[in-house]
Amino acid sequence: MNNTLYLIAVITVIAIITWILRAFPFLLFGNRPLPKTIQYLGKVLPPAIMTVLVIYCLRATNIGQFPYGIPELVACTIIVILQILKKNMYLSIIVGTACYMILIRIV
Amino acid sequence: MKEFRFAVKNTIPIFFTYLFIGIAFGILMSDAGYSILLTTASSLFIFAGSMQLVMVPMMTSGASLPSLAFMAFFINARHIFYGIGFIEKFRRMGWRYPYMILTLTDETYSVLCSVQYEADLDEDKAAFLIAMLDHSYWVFGSFIGACAGRFLQFDIHGIEFSATAFFLVVVVNQWQQYRSKLPFLTAAACALGFYLLLGKEYFLIPTMITCLTALILLRRPIEMREGIRNE
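Quick caveat, the model's predicted, so the values are computed rather than measured.

## Remarks on the overall build of chain A
Okay, so step 1: Across its full length, chain A holds four helices and zero strands.
Okay, so step 2: The linear arrangement of helices and strands in chain A, starting from the amino end, is α-α-α-α.
Okay, so step 3: Seen through its C-alpha atoms, chain A measures out along the principal axes to roughly 50 × 50 × 30 Å.
Okay, so step 4: Split into buried and exposed, the 107 residues of chain A put 38% on the buried side.

## As for the overall build of chain B
Okay, so step 1: For chain B, the helix and strand inventory stands at 12 helices and zero strands.
Okay, so step 2: Element order for chain B, N to C, with α for helix and β for strand: α-α-α-α-α-α-α-α-α-α-α-α.
Okay, so step 3: Expected size for 231 residues packed as a compact globule is a radius of gyration near 17 Å; at 19 Å, chain B falls within 12% of this value.
Okay, so step 4: Reported as C-alpha extents along the three principal axes, the dimensions of chain B are approximately 60 × 50 × 35 Å.
Okay, so step 5: Taken across its 231 residues, chain B has 43% of its residues classed as buried.
Okay, so step 6: Taking all contacts inside chain B whose residues are at least 6 apart in sequence as the whole, residues at least 24 apart take part in 79%.

## Thoughts on the environment of F26 of chain A
Okay, so step 1: Relative to the elements of secondary structure, F26 of chain A occurs in helix 1 (residues 2-29).
Okay, so step 2: Through-space distance from the C-alpha of F26 of chain A to that of R59 of chain A is 30 Å; in sequence the pair is 33 residues apart.
Okay, so step 3: Once residues within four sequence positions are removed from consideration, F26 of chain A is found in contact with G83, I87, F90 and I101 of chain B.

## Concerning unusual backbone geometry
Trans is the prevailing form of peptide bonds, just as negative phi is the prevailing case for residues other than glycine.
Okay, so step 1: Cis geometry marks the peptide bond from F66 of chain A to P67 of chain A; its omega dihedral reads 0°.
Okay, so step 2: Summarising the element assignment, P67 of chain A is placed in the loop between helix 2 (36-57) and helix 3 (70-86).
Okay, so step 3: A positive phi is found at Y68 of chain A, a non-glycine position, where the angle reads about 55°.
Okay, so step 4: Secondary-structure assignment places Y68 of chain A in the loop between helix 2 and helix 3.
Okay, so step 5: Positive phi is not limited to glycine here, since F47 of chain B has a value of about 50°.
Okay, so step 6: Among the structural elements, F47 of chain B can be located in the loop between helix 2 (36-45) and helix 3 (49-60).

## A word on the confidence of the model for chain B
Okay, so step 1: Per-residue pLDDT for chain B has a mean of 91; in total, 97% of the residues score no lower than 70.
Okay, so step 2: Scoring the predicted complex yields pTM 0.86 and, for the interface, ipTM 0.90.

## Describing helix 10 (residues 182-198) of chain B
Okay, so step 1: With 17 residues, helix 10 of chain B extends 23 Å between its outermost C-alpha atoms, agreeing within 8% with the 24 Å of an ideal straight helix rising 1.5 Å per residue.
Okay, so step 2: Looking at helix 10 of chain B, one finds that the buried residues are L182, P183, T186, A187, C190, A191 and F194 of chain B. Relative to the axis of helix 10 of chain B, the buried residues are bounded by an arc of 155° and lie together on one face.
Okay, so step 3: Taken together, the buried residues of helix 10 of chain B touch helix 2 of chain A together with helix 11 (204-217) and helix 12 (219-226) of chain B.
Okay, so step 4: Of the residues trailing helix 10 of chain B, G199 of chain B is marked for its positive phi of about 90°.

## Overview of the interface of chain A and chain B
Reports of interface size often rely on the accessible area that becomes lost once the parts have come together.
Okay, so step 1: Taken together, the contact pairs 56 residues of chain A with 68 residues of chain B.
Okay, so step 2: Of all elements in the fold, only helix 1, helix 2, helix 3 and helix 4 (89-106) of chain A reach the threshold of two or more residues within the side of chain A that touches chain B.
Okay, so step 3: Among the residues making up the side of chain A that touches chain B, the classes are represented as 45 nonpolar, nine polar and two charged.

## Remarks on the confidence of the model for chain A
Okay, so step 1: Taken residue by residue, chain A gives an average pLDDT of 91. The fraction at 70 or more is 99%.
Okay, so step 2: Between the elements of chain A, mean pLDDT differs from a low of 91, seen in helix 2 of chain A, to a high of 96, seen in helix 3 of chain A.

Rules of the game
- Residues numbered from 1 in each chain as written.
- Chains lettered and ligands numbered in written order.
- Predicted model: local features only at pLDDT ≥ 70, side-chain atom pairs only at ≥ 80, totals over all residues.
- Helix = DSSP H or I, 4+ residues; strand = E, 2+ residues; numbered from the N terminus.
- Buried ≥ 20, exposed ≤ 12 C-beta atoms within 10 Å, placed from the backbone.
- Rg over C-alpha atoms; globule rule 2.2 N^0.38 Å.
- Contact = placed C-beta atoms within 7 Å.
- pLDDT = per-residue confidence, 0-100.
- Expected span 1.5 Å × (residues − 1).
- Arc of directions from axis to C-beta.
- Nonpolar A, V, L, I, M, F, W, Y, C, P; charged D, E, K, R; others polar.

As structure tokens, then:
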């Protein structure tokens with residue numbers, strides 16, 4: 001019972017904090033017209049954020065220790081090459097993920 | 001209906017990621033002794049994958065509410081930056097506006113900023129369905145994990161890489177769309193620099209702040225390259 005109340009409190013606190021963070025830019029600019037700098041950022045931030053997210057996803061890769069990040073490197077290389085050549089998102093993701101899953105089991 | 005099919009098609013990679021990470025979360029919660037109802041509720045209301053995975057061991061060790069709150073802030077602070085590109089788009093969306101804001105996860109963000117809407121689609125409706133489908137995959141995955149987790153025996157370790165793969169595909173596409181490569185290079189330089197300096201746990205927020213500042217300073221060359229006129 002106590003445990004249930006604790007979890008409900010945890011969910012409430014985490015949800016509210018996550019919501020405030022997500023709503024922050026919207027709360028900040030309300031319904032006012034957007035400043036030019038923010039319009040500019042809205043255009044250039046997506047590629048920057050996505051680049052950071054890729055690195056963030058790979059942050060746990062340990063290149064100083066066996067298997068030296070080889071599965072990540074090989075899978076990412078395959079994804080980039082496939083995407084440039086075939087331009088098929090599903091193919092790139094499926095082949096890349098499958099390669100990664102196989103590599104972490106065999107090396 | 002067109003919009004629904006379009007949204008399904010564009011969220012397939014997220015379906016796999018969310019379903020399996022959701023199942024992993026559900027299993028963790030059921031092993032920790034929490035009910036199916038509350039497990040599903042946390043996915044419905046929080047909808048932040050990495051934070052939810054971190055909160056389970058923290059709760060098991062009886063972490064205090066302030067320390068969980070701090071952790072939530074720390075892990076999810078990156079979301080502050082996501083809304084910036086969508087302020088005008090979401091504002092137009094009427095009753096869907098709050099929902100779009102509160103469900104803006106890494107994955108939904110990356111779909112929304114890379115998707116190419118077909119000409120005959122209601123864009124706002126399609127964007128809303130994308131957000132809603134992603135959210136439902138996550139809730140559904142957690143529910144499955146909470147119900148049947150211990151009976152699922154197949155080894156799906158590594159499936160979480162599909163999120164990385166998806167983000168990488170988005171970057172490749174953007175690289176071909178943007179004439180100025182400075183946003184990518186700035187971001188990569190900041191991320192790698194802070195990664196080496198601060199380590200994998202702490203590099204994200206300084207990276208975002210530095211990158212944002214650098215991009216503001218680089219506005220002139222980037223806009224010239226992208227062909228945006230300054231009046």
